[in-house]
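Working through the structure, step by step
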Amino acid sequence: MKFQVNAVDSRQEIVVLNLQAANAATAIDAARKQGLTILSVRSRALALPRLRGEPAFPITLFSIELMALLEAGLNLVEALQTLSEKELHSERQAVVAGILGAIYRGESFSQAVSRFPQHFPPLYVATLRASERTGNVREALSRYIAYQEEIDRVRKKVVSASIYPAILIVVGGLVLAFLMFYVVPRFARVYEGLSGSLPFFSQLLLAVGRGVQQHGWLIGALIAAGFACGAYGLSRPRFRAWLNERLWQIPALGERMKVYQLARLYRTVGMLLRAGIPVVSALEMVRGLLDAHLREQLAQARMLIGEGRSMSAAFDATGLATPVAARMMAVGERGGEMGEMMERVARFHDEETARFVDWFTRAFEPILMAVLGVAIGLVVVLMYMPIFELAGSIQ
């Protein structure tokens, strides 16, 4: 049986061995004979393949488990060793083992984590680095977990609110496609000899049906190509940026999108300020959270703050502060609790966004159902209208 052994060598560097042994104890003995300090051992037979789309390293879950172990009384190295031993995914275990190896070489926890920028964002590293000044890593982990949970809560609210309208659109589209591609062409063949006496809209519908019957494959290919082009466009950053700009130009929707973006900005800056990071550095770290056209405003606000302006005045002058945010930030500056006040502002706007999403879905769902019902009903009525007229003429 094959075993993967993570260990530390005499130079205090992490090594990964793949050993063939009868059991785990034999593999550990073989590694120790090479002068290695064992961190973890795992059977390769137990490794589960990573599903497509599954995150390579769940940073929030890692933080929750690490904080729980630290609160239980384990030191940082023991907690990381425990997480490495329990992890079945080779990629995730390699990350934890790499962090352990860096700590064994004398690096701090934040330095060890910064070696994996593809998994740990700069916000996470900066929070840990600031906490190391006071030696309270648990507080930093707790702060980041709370931050991530708030971000996820708003995102889940938006996603869950869009599920039912998406289902309605898909089902309604499939019904309309079935009618237009299958039912209408067959009615068109039935009414071929009556085209002159049919109502105008029925003739138009049946002409569409005949066109679908004759060129169905071409129409299907064009629709598929349209979906493929749309999917490709959404995968390109420049197209997404262009689409975002168009959406921002819609008056009501653009304002709500801006409030949502600003709430993320306030929450992230608040977390960094509470971690002890200077405001200019914090604003530089959160630059990537904003859309392209708001980044220029953020750079201007950074410049004004660097020149000595207050944060509330700089945000207000560059259009990054809502009326509520400007007043609350001014209060936070007077009380010296800017980090906590920024998080309160973010919470206020998150609740406002949640109320808007709830109101919009309540209003949009019946409108969408009515539109789909009218469209399907209209197609059915136009198909059967000649039959109704024929029945009336017989009477």
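Presented here is a report on the structure given in the accompanying data block. What you are looking at is a predicted structure, and each value in this text was computed from that prediction instead of being measured.

Estimates place the volume of the largest pocket at around 590 Å³. Taken together, 22 residues make up the lining of the largest pocket; nearest its centre are Val158, Leu253, Met257, Tyr260 and Val357. Counting residues per element, the ones that place at least two in the lining of the largest pocket are α7 (137-190), α10 (237-248), α11 (251-274) and α16 (338-394). Taken as a whole, the second largest pocket encloses approximately 150 Å³ of empty space. In this structure, the second largest pocket is lined by Leu123, Tyr144, Tyr147, Gln148, Ile151, Arg155, Arg264 and Leu289. At five residues, α7 tops the list of elements feeding residues into the lining of the second largest pocket. For the lining of the second largest pocket, the residue count by class is five nonpolar, one polar and two charged.

A word on helix α6 (residues 122-131). Within α6, eight of the 10 residues are buried, which leaves it mostly tucked inside the rest of the structure. Among the residues of α6, Leu123, Tyr124, Val125, Ala126, Thr127, Leu128, Ala130 and Ser131 are the ones counted as buried. As for α6, its buried residues are in contact with α2 (59-71), α5 (109-114), α7, α11 and α12 (279-285).

Moving on to the environment of Phe116. Among the structural elements, Phe116 can be located in the loop between α5 and α6. Expressed as a C-alpha distance, the spacing of Phe116 and Ile99, which sit 17 residues apart in the sequence, is 8.6 Å. Non-local contacts of Phe116, meaning those with residues more than four positions away in its chain, are made with Val95, Gly98 and Ile99.

Before going further, it helps to examine empty space enclosed by the protein. This model, assessed by the stated rule, comprises one cavity of 30 Å³ or more. Estimates place the volume of the largest cavity at around 40 Å³. For the largest cavity, the full set of lining residues is Glu150, Ile151, Val154, Tyr260, Ala263, Arg264, Arg267 and Asp350. Mapped by element, the contributors of at least two residues to the lining of the largest cavity are α7 and α11. Split by residue class, the lining of the largest cavity holds four nonpolar, no polar and four charged.

Glancing now at the pattern of salt bridges. According to the stated counting rule, one finds eight salt bridges in the structure shown. In this structure, the salt-bridge partner of Glu139 is Arg143, at a minimum N-O distance of 2.7 Å. Of this pair, Glu139 and Arg143 both sit in helix α7, separated by four residues, roughly a single helical turn. As a salt-bridge pair, Glu352 and Arg256 come within 3.4 Å of each other at their nearest N and O atoms. With Glu352 in helix α16 and Arg256 in helix α11, this residue pair connects regions lying 96 residues apart in the sequence.

Right, let's talk about the nonpolar core for a bit. In terms of nonpolar packing, the biggest core is built from 67 residues, with Ile99, Phe120, Tyr266 and Phe315 touching the most fellow members. A per-element tally of this core places α11 first, with eight residues. Ignoring sequence-local partners within four residues, the contact set of Phe315 consists of Leu265, Tyr266, Leu283, Ala301, Ile305, Leu320, Ala321, Met329 and Met342. Listed in part, the 11 residues of the second largest apolar core include Met180, Leu206, Leu382 and Met383.

Examined against the element boundaries, Tyr147 turns out to sit in helix α7. Along the backbone, Tyr147 and Met271 are 124 residues apart, and their C-alpha atoms lie at a distance of 7.2 Å. In this view, Tyr147 contacts Leu123, Arg267, Thr268, Met271 and Leu289; residues no more than four positions away in its chain are not counted. Here Thr268 takes part through its side chain, which lies 2.9 Å from a polar atom of the side chain of Tyr147.

On to α7. A rise of 1.5 Å per residue sets the reference length of α7, with its 54 residues, at 80 Å; its end C-alpha atoms lie 77 Å apart and thus fit the reference within 8%. Along α7, the sharpest kink reaches roughly 35 degrees, centred on Val183 and followed within four residues by the proline Pro185.

Locating Ser162 in the fold gives a position in helix α7. Separated by 195 residues in sequence, Ser162 and Val357 have C-alpha atoms that sit 9.1 Å apart.

Calculation rules
Residues numbered from 1 in each chain as written. Predicted model: local features only at pLDDT ≥ 70, side-chain atom pairs only at ≥ 80, totals over all residues. Heavy atoms only, no water. 1 Å grid on protein atoms, 1.4 Å probe; cavity = no way out; pocket = protein on both sides within 12 Å on 5 of 7 lines; lining within 4 Å. Points joined across faces, edges and corners; volume = space filled by probe spheres on them. Helix = DSSP H or I, 4+ residues; strand = E, 2+ residues; numbered from the N terminus. Nonpolar A, V, L, I, M, F, W, Y, C, P; charged D, E, K, R; others polar. Buried < 20%, exposed > 50% of the residue type's maximum accessible area, 1.4 Å probe, protein only. Contact = heavy atoms within 4.5 Å. Salt bridge = Lys/Arg side-chain N within 4 Å of Asp/Glu carboxyl O. Core = buried A, V, L, I, M, F, W, Y, C linked by side-chain atoms within 4.5 Å. Polar contact = N/O pair within 3.5 Å; in protein donor to acceptor, adjacent residues only side chain to side chain. Expected span 1.5 Å × (residues − 1). Bend = angle between axes of the 7 residues up to and from the residue.

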